[in-house]
Every structure is written in C-alpha cells, then in structure tokens.
Amino acid sequence: MTFRKSVNSLVFRLLVMGLAMALVGTAASYIQLSRFLREELTKSVATQQTALAAYVARDVDNYIVERLSFLERLALALPPELLSQPRQLHAWLAERGALSDLFPLGLALAEVDGKRLDDTGQISTDTPEFAEASAGRRAVGRPRATASQHSALPMGVPVRNAAGQVTAVLLGMADLTADGLLDHLQEGRVGRNGGILVISPRDRLFVASTDVSMSLKPTPADGVNLLHDRAMAGFRGSGTTRNARGIDEISAIASVPSAGWFVVARLPVSEALAPVARMQTFILQQRAPAVTAVLIVIGLIMAWLLRPLFRAADQADRMTRGELALAPLRVVRDDEIGHLTQAFNRLLAKLVDNQEALAHLAHHDALTGLPNRQLLRDRLQQALAHAGRHGHEVAVLYLDLDGFKSLNDTFGHEAGDKALREIARRLQCLVRQTDTVARIGGDEFVLVATGLKAPAEQGAQVLAQRCVDAIAEPLPQELAGMAIGASIGIALGNGSETPQDLLAAADKAMYRAKQGGRGSYAMTGAATGT
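Asker: So what exactly am I meant to see when it comes to the side chain of Glu129 here?
Answerer: Its place among the elements puts Glu129 in helix 4 (residues 128-134). A distance of 3.3 Å separates a polar atom in the side chain of Glu129 from a polar atom in the side chain of Thr127. Those residues in contact with Glu129 that lie beyond four places of it in its chain are Ala139, Val140, Gly141, Arg142, Arg144, Pro154, Met155, Gly156 and Leu171.

Asker: Can you help me understand a nonpolar patch on the surface in this one?
Answerer: Residues Val297, Ile301 and Trp304 make up a contiguous nonpolar surface patch of roughly 260 Å² in combined accessible area. Here Trp304 lies in helix 9 (residues 287-320).

Asker: Teacher, can you tell me more about the layout of surface pockets here?
Answerer: A water-sized probe, rolled over the atoms, reveals where empty space remains. Size it by volume and the largest pocket reaches roughly 430 Å³. Leu197, Met214, Asn243, Glu249 and Arg266 are, among the 27 residues lining the largest pocket, the residues nearest its centre. Of all the secondary structure elements, the ones that give two or more residues to the lining of the largest pocket are strand 6 (195-200), helix 6 (226-232), strand 9 (248-256) and strand 10 (261-268). In terms of residues, the lining of the largest pocket owes the most to one element, strand 10, which gives four residues. Grouping the constituent residues of the lining of the largest pocket by class yields 13 nonpolar, nine polar and five charged.

Asker: Looking at this structure, I do not really get the confidence of the model for the protein chain. What am I missing?
Answerer: In low-pLDDT regions, the fine details of the predicted coordinates are not to be read closely. When the pLDDT values of the protein chain are averaged, the result is 83; 87% of them are 70 or greater. The spread of mean pLDDT over the elements of the protein chain runs between strand 16 (residues 528-529), the lowest at 48, and strand 9, the highest at 93.

Asker: Would you take a moment to explain helix 14 (residues 456-472) for this structure?
Answerer: What sets the pattern is the α-helix's 3.6 residues per turn: residues three or four places apart point alike. With 17 residues, helix 14 ought to run about 24 Å at 1.5 Å a step, and its terminal C-alpha atoms sit 24 Å apart, in line with that. Restricting attention to buried positions, one finds in helix 14 the residues Ala456, Ala460, Leu463, Ala464, Cys467, Val468, Ala470 and Ile471. Viewed end-on, helix 14 has its buried residues packed into an arc of 170 degrees, placing them on one side of the element. Looking at the buried residues of helix 14, the elements they touch are strand 11 (393-402), helix 13 (413-430), strand 13 (444-452), strand 14 (485-493) and strand 15 (520-523).

Conventions and cut-offs
Residues numbered from 1 in each chain as written. Predicted model: local features only at pLDDT ≥ 70, side-chain atom pairs only at ≥ 80, totals over all residues. Heavy atoms only, no water. Helix = DSSP H or I, 4+ residues; strand = E, 2+ residues; numbered from the N terminus. Polar contact = N/O pair within 3.5 Å; in protein donor to acceptor, adjacent residues only side chain to side chain. Contact = heavy atoms within 4.5 Å. Patch = residues over 30% accessible without salt bridge, like charges linked within 9 Å, V, L, I, M, F, W, Y side chains within 5 Å. Areas by Shrake-Rupley, 256 points an atom, 1.4 Å probe, with all protein chains shown as cover. Salt bridge = Lys/Arg side-chain N within 4 Å of Asp/Glu carboxyl O. 1 Å grid on protein atoms, 1.4 Å probe; cavity = no way out; pocket = protein on both sides within 12 Å on 5 of 7 lines; lining within 4 Å. Points joined across faces, edges and corners; volume = space filled by probe spheres on them. Nonpolar A, V, L, I, M, F, W, Y, C, P; charged D, E, K, R; others polar. pLDDT = per-residue confidence, 0-100. Expected span 1.5 Å × (residues − 1). Buried < 20%, exposed > 50% of the residue type's maximum accessible area, 1.4 Å probe, protein only. Arc of directions from axis to C-beta.

Rendered as structure tokens:
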C-alpha cells in the first residue's frame, strides 16, 4: 500500500520525468546548446563591440573637435594687422603654439593661394584640409607619417575678414602618436587578438590601428572584406565578416562625424566563441554526473515549488484561528500554486469588501450616504479636541426641513426620499472637505464646520444662510409646486463641551428658529436670523 502510494505520488512522478528529461536532454543538449550559445555569444560580442566602437569613435571625435575648435578660436583672435607683418605673425603663432600642446608639430597661416604669411615658404593648396578651409569650412586632412615615424594629422580652418570673406587659412599639425591616441587604442582592445581600426574612407587609409603595422596603410580593395566595403559605403552597425587575412571576425562600425572617419572594433570569431567549444567538451565528459545532478536539482526544485503552497496553507490556517490578521497571501510565482493563492486572495478581498460595506452601513445613512448619528458623534468629538488644541471654534448647525411632511404626504415616500437625497447633495456642496454633513433623523440634518476663527458667530451665520438659500431653491421638475425650507439652530464650541451638549444646544436653538417661521436660523444665546 505504501509502495503504491509512493509510486502515485507527485514527487515520484516528477523524479521519473526528470530522469527521462535528463537522458533525452543529454543527447539533445550538445546540438541545441551549441547552436544557442553560438547565437547568443555572437549577439553579446556584437553588442560589446558596438559599444566599444562607439566609445572609441566618440573619443577620437572629441580629440578632433577639441583641436578644430582651438584653431577656430585662434582664427577669431588673430589681429588683422598681423597679416601684413610676417615677423610679428610668426612670433604670435609661436607664442600660441607654446601655450597649448594641441598642435605640437606647429601652426601655419597662409593666404588662399598657399603663400605663407610669415614669409617662410609656400603651402600646397591641393590638400583636403587647405581646400576645404579655403572654401570656408573647417577640415581634417590626410594623416601622414613624420620623419620621426609619428602619425601626424593636419587640420585647417578659414580666417575671415570683417565682411566674412575668407582671407587666409590657419593650419595646425596634431601628433596622434605623441598625444597618446594610439596608445588609447591599444588599451581598448578586447581579448588577445581583438583590435580597433580607425579608417578614413575619403583617403582609403587606415588612420590608426591596434596592429601598428596597419597604421597609415591603404585599406583593402573592394571585394576582399564585404563588411568593410559596406562600411566604406556608409553602413554603421555590426556583423560577421572575413578580413583580408582570411580570419572570420565579429566587427562593429561607428562614425567619427567631425572627420568623416569610422571606427571598427573587431574580434576573431574563434576567440569570441571559445566558450562554445569548452561547453561541448563539458557535455561529452560530464554526461553521467549530469543525470545525477539533474535528479538532485529536481528534488530541490520540488521543495522550492511546494514551499509556497505549504506556507500559504499555514498562513490561511492561522488566519482562520485568529492568530493572524486577514491579509492577502504573497504570490510567489505565476503557476498553479500562484493561481490558487490569487483565488484565495480574491475571496479574501471579497470578504473584506463585505466587512467594509457592513462597517459603512453601520456609520452612514442608507438613503443619502451621509454619516449617521454615531459617526457624527465621533467626528464632532475629534473636531472639538482639535479646536481645544489649536484655539479654533466649531459650529454645529442643526437643520430641520420645513414642509417636508406635506411633500411626503402629497407625492409619496419615494418622492420624499428623492427630495432628501437632493437636499443632502446641496448641503455637501456647501461645505469643505474637513466639515461634516450628517442625517440623524427623518428630515433632520446636522452640519459640523471646523476651524472657525473669530468672529466665529458671523461665519456660522453666513453658512446657515447659505444652507437656507440652497434648500429653498426649487426642487426637481417632478416635485414642482412643493417648496421646502429649513429651520436651523446654531451652537458654537471651543473644545470644552461634549458632543451631546453641543448637539442639544443646537437642537434647542433650532426650535427657537422654527418659532420665527420658515427659512430662519437661531444661534444659542442669540436672536433669530433670516
């Protein structure tokens, strides 16, 4: 009997299912996991390379923009009279170059025909930086090697006269090697054989590379590297390609806007996907231990799966015994156990709603929804306590409707109920959120106004008159021809009175107001008003 029970148990069935899944999974995992891991690693590496390319491109762009901006500021600061004073101009440029290390290879100023304004020679006018600057645009030239085997980058900006015409070209020669930009590329490489390329498509030139042998070398011919060809045509993104050396790479391309260059971050596929080969070896070597491990894991999963059910059952049992307050159970997972817990929570919420509805009925008038006599007494007690602490006064307005009995007898109780709901609505529109309007009898209402400051009598009388006016307004069309008024008694308290005393005083004042006729009010110790 015990054996049959064990065989039919959920635990035994899950263990058997787990064993079968482990055996089948071992056979299928080699292919499935290999393919999955290859795809995921390719995506991950592509994302990593894209971020790296964007970071390096932004760094290179900042490097260029900083130097072009310096040249532009220098062009704006150039005194026009120096254009005709070669010696002074030469000294001025030398001084500015010494003050900044942005162009360690020198600054030069030439007319648009290439003649240097410091009388030191002629500058070639067919270089990209000179041609662009002569046309009024700042530009970056073709990188070149210096005599000291450094990578030099020429830049040029236009110099304009007061009329905005280009009169000269200011040139600067940055040293990519001395500035540490190439060292930065070496630090940004990923893996053992990964690398970064900075390429000028205009010049078809490798500007810089982590492989120093490629720096300032021509780019490969079309058709050698298809992803490179797309990048030269404007593509920006990532992909897998075979480079000029026949090595498959995962590459990402990002633009350097200020120079029209682009940056390539690349990593050999063999290095990027090395974990795949390690995983395949692991699957083949660990097949038998994996089955055992799976069974252990299933046992742990069983404990994890059933723990929320055990916990929920224990908490529900303690709630029924009154040891815990009624509260929703925590939904741990979105499974069958979670659905069962949610169903319990919905049932509990319905029970709480019913309790709240009963509590509401116990403290509110069923017809108008206003607070009843019990809730009025509690709120009045709180208002008096607050008034005693803060030195304010509380006004209690006791309202009795005039003519309601006649309306009820003429049109019936249903019409009377409708009139009472309308009167309740009008009264609620007159008060603040901190005030209270309650119905304590058939046609009797009480209004509690808090926080009244001196003169409180005047404020209470104004409120009473507003109540009289609001109630006197014509009733809805179906009750046309019947008029209702209100007699109001007013009592003021400063916190030393009890709610019963204040209500009794306002009730007495209301009876005095009734003696004055329909639509009147009276205050405790004061004359009747209309």
